[in-house]
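Chain residues, written in single-letter form:
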Amino acid sequence: MLPHLDRKLLRDLKRLKGQAAAVSLVMACGLAMLIMARSLIHSLESTRAEYYQTNHFAEVFVPLKRAPNHLAEQVRALPGVATVQTDLSVPVTLDLPGLTEPASGAVRSLPDFGEPELNRLFLRRGRWLSPGARGEILVGEAFAEANALNPGDTLTMLLNGRRQVFRVAGIVLSPEYIFESRPGAALPDARTYGIFWMPYKEVATAWDLYGAFNRLSLTLAPGANERPVIVALDQLLRPYGGLGAYGRKDHPSHIRVTDEIRVLTILSIGFPIVFLSVAAFMTNAVLTRLLALQREQIAILKAFGFTNRAIVVHYLKFAFVMVVAGLTLGLLGGVALGHQLVVMYRLFYRFPDLHFRLDGGAVGIALGVALGAVTLGVLDAVRRAARLPPAEAMRPEPPANFRPAFIERIGIAKLLSHSFRIAVRNLERRPAQAAFTVAGLALATALLILPNSFKAGIHEVLDFQWDVVQRQDLNLGLVEPSAARLAHELAQLPGVTSLEPTRNAAVRIHFQGRSRQIGLRSLLIGGQHSRAVDHAGREITPPTDGIIVSAKLAAVLGAKIGDTLLLEALEGRRPVAEVKLRALAEDFTGIAAYMELHAISRFLGEGDVITGASIGLDMSRRAAFLAALRDIPRVSTVAIKETMRQSFRETTAKSMGLIQSIYLTFAVIVAFGVIYNNARISLAERARELATLRVVGMTQREVGAVLVIELVVLALLAVPLGLLLGTGLTTVIIGSINTETIRLPLVFTTYTYTFAVVVVLVASTLSALVVLRKLNQLDLIAALKAPE
């Protein structure tokens, strides 16, 4: 047999099931996002850590030109170094049947016998390379899936200009390529770029590198500091063309996963806070008005001997039931959405075994946060009700101070209906209650701004990056820096309408103790292809005596226009020079620095040398151009703009789009929940008053208009505030999730605000219809009976 108060609790819940369900649903949205995001963070972090440990992922990496194998012993002797591994990495061009555009990749070497000490591969399908065998190759999973390659298939490659056919032995994964992308590219293109592994002897023979290496990886001794080891490596490998050592935290693949975790961390905090704040407002409204309606019941309970504590616990249980319902729904929703996102992550984060792992700590945090939110929302009101002396609580609540409303005092009341005056007078009599309702509606409106701003930002990146900044049709990269006259040869290829040579270089940029290893890109004065533009979309003319950097890079370095940066080349003669920061470029993928083409040549101390070209193409002759390009062995990479745009849509945009869809759905649910809850509570609270109005002669329509007008007035006050609040919230969240690899611009469109207003309007209309239906069913005799 349930205790008396628990039976009363069940009756109250049954009577207020609509309002309780609305609160639980809003709470569930916030908790689902919290559980989903925190569990995804746990899934990515734990899976990555296990992968790194199991496959012995290195901690420091060094690309270089060429060094003899015996140099590895000197590296091992450096203080702080534990394990050292050397290998080869060479560019390769592929000939894939059915693929019109050129494909390329990198071939990495494996020991001829045994497995590597570091960066070990994971065999997904097929078999390992046979010891001593030739003509076999291992293929990265992303490329294999994009091109439908299976063990036993053949693959034609151009190794150092020589065409060779290899048989695919197995499909593999590597901890170095969790996120496979072309070097220097922020986006993947698995269809035209892949990673491959071959025995050391075969790679070295093809590229005349036998007895040498051009990649070095190592792990640190326990307790060793990474920075001194990197400095020592740079000094030791500088004569051998070292391109600058870097730690795991700066590894391109590691950065991409870390950035995704950072985005999830921000979203796991920002959105749940707002959602649970709305839930706290709603819970406060439900409990406050329930307590006002049950003053006499509280008095009777106290008269029968129930203590203040028992009454407080009873009403807190009402709130906690909504928390339990919200947590249950949130847990189920968070797990379901988490599974859906993990399926998407598998498309471009290549782990041996990535599964959704529920974070038990996140569930505990969700429970604690939800309990804390509703307790703070209702505890003060419950305490005040419980402290009422029985004699005072038995009396009806003192009537509010009736006085003419503001519209009546200024003399325009006669122009308005009785229903309008009653509604406005009621709002003025309860300003605190009206303020709480407006705050809840404003937060619900604010939540509708961010998802559509996300969507607009994605479209802006697609248009800005590949139409405003990069106006060429494709970019070519060369195997080695070559004389500028090669540009004239490329310009003669079929379909080329314009060509601009490019010179990119690996550099390290320093400012006040901060540094970044980046690509330095060339710009042409008056160039029509790649441009640097500022935050207002204006083209920046490349200076002849300074440098332009990404706005994000400047923020990372803490530099501003006019500051002097230290530029250190990581190739050739490795010159170092001080350069003035002349302008900040707006871009949304990666971070980079830009200099005028001839200024780069002067800085590097070389003549007219290029590393690639950007090309405008007559697309009707694209097939002929690509066919002719296959006969130029010095071209190692081809990046076609439309292919990169499509890749962005299928990876980053798809990921952000799915998250945007989830949050938009939740935001709409919250908006409907808040408005419906307010309308139902208003009806329950004023049933006696509305019944009285019907008895004294007002029509059903006039009485219903009182509630509708109150709802409309509150919505009109809340929507502008919500739009303003949503703009600020969006600015903070989008600014927080922007990373060095991918960023979203802050875009507010007419559609963004119109959508929020329309959702509130539709929610208000549907809620009003529900309330009017309930009002039509109101039993006037029952409503007018004394509560006792």
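### Examining the overall build of the protein chain
Line of reasoning, step 1. From N to C terminus, the protein chain includes 25 helices and 21 strands.
Line of reasoning, step 2. The C-alpha extent of the protein chain, read off along each of the three principal axes, is 100 × 60 × 50 Å.
Line of reasoning, step 3. The 788 residues of the protein chain split such that 54% are buried.
Line of reasoning, step 4. Put simply, 82% of the contacts in the protein chain that link residues at least 6 apart link residues at least 24 apart.
Line of reasoning, step 5. Here the protein chain has roughly 33,700 Å² of accessible surface; of this, 59% comes from carbon and sulfur atoms.
Line of reasoning, step 6. For the protein chain, the separation between the mean place of its 83 positive charges and that of its 64 negative charges on side chains is 9 Å.

### Side note on the packing of helix H2 (residues 17-54) against helix H9 (residues 308-345)
Line of reasoning, step 1. Their axes nearest at 6 Å, the elements H2 and H9 cross at an angle of 40°. Taken together, H2 and H9 sit at an angle that is classed as oblique. The hand of the H2/H9 crossing is right-handed.
Line of reasoning, step 2. The residue makeup of the contact of H2 with H9, split by class, is 21 nonpolar, six polar and no charged.

### Comments concerning the domain arrangement of the protein chain
Line of reasoning, step 1. For the protein chain, the assigned domains read domain 1 (1-57 + 251-398), domain 2 (89-208), domain 3 (430-469 + 642-788) and domain 4 (496-617).
Line of reasoning, step 2. Computed over C-alpha atoms only, the centres of domain 1 and domain 4 are separated by 50 Å.

### Looking at the side chain of Arg503
Line of reasoning, step 1. When you line up the elements, Arg503 lands in the loop between strand S13 (496-502) and strand S14 (505-511).
Line of reasoning, step 2. Relative accessible area serves as the criterion here: at 2%, Arg503 is assigned to the buried category.
Line of reasoning, step 3. In terms of polar contacts, Arg503 uses its side chain to reach the side chain of Glu571, at 3.0 Å.
Line of reasoning, step 4. Side chain to side chain, Arg503 and Glu606 meet in a polar contact 2.7 Å long.
Line of reasoning, step 5. Contact partners of Arg503, with chain neighbours within four places excluded, come to Leu520, Arg521, Ser522, Glu571, Leu597, Ile600, Leu604, Glu606, Val609, Ile610 and Thr611.

### What about a nonpolar patch on the surface?
Line of reasoning, step 1. On the surface, Val758, Val762, Leu766 and Leu769 cluster together into a nonpolar patch covering about 330 Å² of accessible area.
Line of reasoning, step 2. Mapping Val762 onto the fold places it in helix H24 (residues 750-776).
Line of reasoning, step 3. What makes Val762 partly exposed here is its relative accessible area of 37%.

### As for helix H22 (residues 687-695)
An α-helix turns once every 3.6 residues. As a result, residues three or four positions apart point the same way.
Line of reasoning, step 1. Listed as buried for H22 are Ala687, Leu690, Ala691 and Leu693. One face of H22 carries all of its buried residues, which in axial projection span an arc of 155°.

Conventions and cut-offs
Residues numbered from 1 in each chain as written. Predicted model: local features only at pLDDT ≥ 70, side-chain atom pairs only at ≥ 80, totals over all residues. Heavy atoms only, no water. Helix = DSSP H or I, 4+ residues; strand = E, 2+ residues; numbered from the N terminus. Buried < 20%, exposed > 50% of the residue type's maximum accessible area, 1.4 Å probe, protein only. Contact = heavy atoms within 4.5 Å. Areas by Shrake-Rupley, 256 points an atom, 1.4 Å probe, with all protein chains shown as cover. Lys, Arg positive; Asp, Glu negative; His and termini not counted. Charge placed at Lys NZ, Arg CZ, Asp CG, Glu CD. Axes fitted to C-alpha atoms, helices over the stretch in contact; angles between N-to-C directions. Parallel < 35°, antiparallel > 145°, perpendicular 65-115°, else oblique. Left-handed = near helix turned anticlockwise from the far one by under 90°. Nonpolar A, V, L, I, M, F, W, Y, C, P; charged D, E, K, R; others polar. Domains from an automatic or database assignment. Polar contact = N/O pair within 3.5 Å; in protein donor to acceptor, adjacent residues only side chain to side chain. Patch = residues over 30% accessible without salt bridge, like charges linked within 9 Å, V, L, I, M, F, W, Y side chains within 5 Å. Salt bridge = Lys/Arg side-chain N within 4 Å of Asp/Glu carboxyl O. Arc of directions from axis to C-beta.

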